[in-house]
Amino acid sequence: AQSVTQLGSHVSVSEGALVLLRCNYSSSVPPYLFWYVQYPNQGLQLLLKYTTGATLVKGINGFEAEFKKSETSFHLTKPSAHMSDAAEYFCAVSAQNNAGNMLTFGGGTRLMVKP
Amino acid sequence: DAGITQSPRHKVTETGTPVTLRCHQTENHRYMYWYRQDPGHGLRLIHYSYGVKDTDKGEVSDGYSVSRSKTEDFLLTLESATSSQTSVYFCAIRTGTGTYEQYFGPGTRLTVT
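This text gives an overview of the structure that appears in the document. A quick note: this is a predicted structure, and the numbers were derived from the prediction, not measured. (Residues numbered from 1 in each chain as written. Chains lettered and ligands numbered in written order. Predicted model: local features only at pLDDT ≥ 70, side-chain atom pairs only at ≥ 80, totals over all residues. Heavy atoms only, no water.)

**Some points on the environment of Gln2(A)**
All names here are of chain A. Selection criterion: Put simply, DSSP H or I for four residues or longer makes a helix, DSSP E for two residues or longer makes a strand, and each gets a number counted from the N terminus. Three labels apply to residues, based on accessible area from a 1.4 Å probe with only protein chains included: buried if under 20% of the type maximum, exposed if over 50%, partly exposed otherwise in between. For this analysis, a polar contact is any N or O atom pair within 3.5 Å, provided that within protein one partner can donate a hydrogen and the other can accept it, and provided that sequence-adjacent residues contribute only side-chain to side-chain pairs.
Of note, Gln 2 is situated in strand E1 (residues 2-7). Residue classification places Gln 2 among the buried residues on the basis of a relative accessible area of 18%. Through-space distance from the C-alpha of Gln 2 to that of Val 93 is 7.4 Å; in sequence the pair is 91 residues apart. Within the local environment of Gln 2, its side chain forms a polar contact with the backbone oxygen of Val 93, the two atoms lying 3.2 Å apart. Within the structure, Gln 2 has its side chain in polar contact with the side chain of Thr 104 (distance 3.2 Å).

What follows is the structure in structure tokens.
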């Protein structure tokens, strides 16, 4: 079984400030990890993914995330927030032995960016 | 854009009526998924398909059935809609072996009154 916890359902930052969205997972086998972004009334868009290899992964729009096995974490960061980053962000996990490649999602974090 | 469309995009229906949502893909991918999105729960898997006529249950499959008679279409049916099935429904595809991410359609907002 696998699960994802996103700490903080709402996060507010000022424009230009660091963005940090937290994700912790549980998985009995090595995980694949993903961050998705959802803008209002749209579907989910893949931001970045970790499968194997380098633990610091870079995604679109200046976001990056670091896989920390010892902490079972995959936090999402961006050095400087833009107004356009306001959206809901979802962390997801898939186990490497998962035949159906099913994703388990966290509850989401809504990011608000103040001018 | 992974070539995924969903229809209808919005639907209001009454309790007890049957409802079918359609997901259509243009790129011949093997795996397709149906999720529902509810506040605070993220997305939860309803059913998925790994080929024509091959489907399996997800986390929240009660009250839902699916069918896949063609590679490009994956249908989700609510046999007798209930108010608890009011939600936004997303279809997703997985693009192939060695890639593990899923790509999502635009969603269908279903309201059961």
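There's more to say after this.
**Some thoughts on the interface of chain A and chain B**
Interface size is commonly expressed as the accessible area that is lost once the parts come together. For clarity, the cut-off: Contacts between residues were defined by any pair of non-hydrogen atoms, one from each residue, lying within 4.5 Å. By definition here, a salt bridge exists when the distance from a side-chain nitrogen of Lys or Arg to a carboxyl oxygen of Asp or Glu is within 4 Å. Amino acid classes used here: Ala, Val, Leu, Ile, Met, Phe, Trp, Tyr, Cys and Pro are nonpolar; Asp, Glu, Lys and Arg are charged; the rest, including Gly, are polar.
At the interface, 20 residues of chain A touch 21 residues of chain B. Counting across the interface, chain A meets chain B through one salt bridge. The salt bridge partner of Glu101(B) is Lys49(A), with a shortest N-O separation of 2.9 Å. Remark: the boundary between chain A and chain B carries three residue pairs in polar contact (both at pLDDT 80 or more). For the side of chain A that touches chain B, the element with the most residues is strand E4 (residues 31-38) of chain A, which contributes four residues. Its residues assigned to classes, the side of chain A that touches chain B shows ten nonpolar, nine polar and one charged.

**Description of the packing of aromatic side chains**
All names here are of chain A. This is how the line gets drawn: Pairing of aromatic rings covers Phe, Tyr and Trp, the last counted by its six-membered ring, and requires centre-to-centre distances within 6.5 Å; plane angles under 30 degrees mean stacked, over 60 mean edge-to-face, and any other angle means tilted.
Scanning the entire structure with this criterion turns up 16 aromatic pairs over all chains. Both rings, one in Phe 63 and one in Tyr 89, keep their centres 5.5 Å apart while their planes meet at 45°; by these two values the pair is tilted. Taken together, the positions of Phe 63 in the loop between strand E6 (56-58) and strand E7 (64-68) and Tyr 89 in strand E9 (residues 87-95) put the pair 26 residues apart, joining distant regions of the chain. Among the residues examined, Phe 63 registers a relative accessible area of 2% and is labelled buried.

**What to know about the sheet that holds E1(A)**
All names here are of chain A. Just so we agree on the cut-off: Pairing between strands is defined by DSSP: at least two bridges between them are needed. Angular values range over 0 to 180 degrees, each being the angle between N-to-C directions of two axes fitted as lines to C-alpha atoms, with helices fitted over their stretch in contact.
Here five strands make up an open sheet; going across it, the order is E1-E3-E8-E7-E6 and the pairing antiparallel. If you trace the sheet from one side to the other, it starts and ends with E1 and E6, each paired once. Pairwise comparison of adjacent strand axes, ignoring direction, gives a mean angle of 20° for this sheet. Where E6 meets E7, three bridges bridge the pair, whose relative direction is antiparallel. Bridge pairing in E7 places Lys 58 opposite Glu 64.

**Examining the pairing of strand E1 (residues 4-7) of chain B**
Residue and element names in this part refer to chain B. Burial along E1 is one-sided: Ile 4 and Gln 6 are buried, while Thr 5 and Ser 7, pointing the other way, are not. By the bridge criterion, four bridges tie E1 to strand E3 (residues 19-25) in an arrangement that is antiparallel. Across the sheet, Thr 5 pairs through a bridge with His 24, a residue of E3.

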